[in-house]
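# Summary of the model geometry
Letter by letter, the chains look like this.
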Amino acid sequence: MANNQDIAHTGKIIELTPQYTTVEIVSHSACSACHAEGLCGMSDVSKKVIQLPTTLGNWEVGQEVNVMLRKSMGFKAVWLAYVIPLAVLLGVLLPLLGAGMGELASGLVAIGAVAVYYLLLALFKGKLSNDYSFYIKEI
């Protein structure tokens with residue numbers, strides 16, 4: 001089982017090569033366990049496929065495993081994906097509004113600044129992917 005420093009998701013190995021192991025994780029929304037799930041149509045199930053380096057072990061296609069990630073890396077992802085873009089948006093929008101620029105123009109410039117941030121994030125995707133190391137454990 002995962003310790004307090006790890007985030008675990010249950011998945012199934014769908015492909016196994018000497019270099020990479022591909023694991024499919026099925027994410028369920030909170031209401032997927034509700035008895036009225038079929039009636040309201042609000043439940044959400046999404047499948048995510050993660051490819052990680054193959055590690056030593058007796059892994060087989062179809063085997064249920066836990067995909068592990070250090071909790072600190074999850075917090076870093078939240079900062080990169082949500083907190084910093086919000087700070088960029090507000091850091092551009094509020095000074096422009098305070099300087100007397102119109103709301104529409106200020107909003108468009110702020111959204112453009114966030115788009116530039118995400119573009120820079122995409123350009124450094126290779127470096128960031130080296131920081132995030134997933135690994136698998138038996139259930």
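Structure: see above.
Residues numbered from 1 in each chain as written. Predicted model: local features only at pLDDT ≥ 70, side-chain atom pairs only at ≥ 80, totals over all residues. Heavy atoms only, no water.

### A closer look at the nonpolar core
Counting nine residues, the largest nonpolar core is built from Ile13, Val23, Ile25, Ile50, Leu52, Trp59, Val65, Val67 and Ile136. Within the residue set of this core, elements represented by two or more residues are strand S2 (20–28), strand S3 (45–53) and strand S4 (64–70). Those residues in contact with Leu52 that lie beyond four places of it in its chain are Gln19, Tyr20, Thr21, Val23, Phe134, Tyr135 and Ile136. Counting six residues, the second largest nonpolar core, distinct from the first, contains Leu69, Met73, Leu80 and Leu128. (Core = buried A, V, L, I, M, F, W, Y, C linked by side-chain atoms within 4.5 Å. Buried < 20%, exposed > 50% of the residue type's maximum accessible area, 1.4 Å probe, protein only. Helix = DSSP H or I, 4+ residues; strand = E, 2+ residues; numbered from the N terminus. Contact = heavy atoms within 4.5 Å.)

### Some words on the packing of aromatic side chains
What the rule picks out here adds up to one aromatic pair. Pairing Tyr117 with Tyr118 gives two aromatic rings, centres 5.5 Å apart and planes at 65°, and the pair type is edge-to-face. Note on Tyr117: relative accessible area 14%, which makes it buried. Under the relative-accessibility criterion, Tyr118 is labelled partly exposed at 36%. (Phe/Tyr/Trp six-rings, centres within 6.5 Å; stacked < 30°, edge-to-face > 60°.)

### Considering helix H2 (residues 71–98)
When the terminal C-alpha atoms of H2 are compared, their 39 Å separation across 28 residues agrees well with the 40 Å that a helix rising 1.5 Å per residue should span. Those residues of H2 lying buried are Met73, Gly74, Leu80 and Pro85. Buried positions along H2 lie against strand S1 (6–16), S4, helix H3 (103–123) and helix H4 (125–131). Looking one or two places after H2, you find Gly100, whose phi comes out positive at around 95°. (Expected span 1.5 Å × (residues − 1).)

### Focus: H3
When the terminal C-alpha atoms of H3 are compared, their 30 Å separation across 21 residues agrees well with the 30 Å that a helix rising 1.5 Å per residue should span. Residues of H3 that are buried include every one of Ser106, Gly107, Ala110, Val114 and Tyr117, and no others. Take H3 and look down its axis: the buried residues cluster within an arc of 100°, on one side only. More than 90 degrees from the buried face of H3, the exposed residues found are Leu104, Leu108, Leu119, Ala122 and Leu123. Buried residues along H3 sit against H2. (Arc of directions from axis to C-beta.)

### Notes on a nonpolar patch on the surface
A contiguous nonpolar surface patch, about 550 Å² in accessible area, is contributed by Phe75, Val78, Trp79, Tyr82 and Val83. Within the secondary structure, Val78 is located in helix H2. Assessed through its relative accessible area of 39%, Val78 is described here as partly exposed. (Patch = residues over 30% accessible without salt bridge, like charges linked within 9 Å, V, L, I, M, F, W, Y side chains within 5 Å. Areas by Shrake-Rupley, 256 points an atom, 1.4 Å probe, with all protein chains shown as cover. Salt bridge = Lys/Arg side-chain N within 4 Å of Asp/Glu carboxyl O.)

### Looking at the packing of H2 against H3
For the pair H2 and H3, interaxial distance at closest approach is 9 Å and the crossing angle is 150°. Viewed along their axes, H2 and H3 adopt a mutual orientation that is roughly antiparallel. For the crossing formed where H2 meets H3, the hand is right-handed. Facing H2, whose interface residues are Leu80, Ala81, Ile84, Pro85, Val88, Leu89, Val92, Leu93, Leu96 and Leu97, H3 presents Glu103, Ser106, Gly107, Val109, Ala110, Ile111, Ala113, Val114, Tyr117, Tyr118 and Leu121. Of the residues in the contact of H2 with H3, the class split is 18 nonpolar, two polar and one charged. (Axes fitted to C-alpha atoms, helices over the stretch in contact; angles between N-to-C directions. Parallel < 35°, antiparallel > 145°, perpendicular 65-115°, else oblique. Left-handed = near helix turned anticlockwise from the far one by under 90°. Nonpolar A, V, L, I, M, F, W, Y, C, P; charged D, E, K, R; others polar.)

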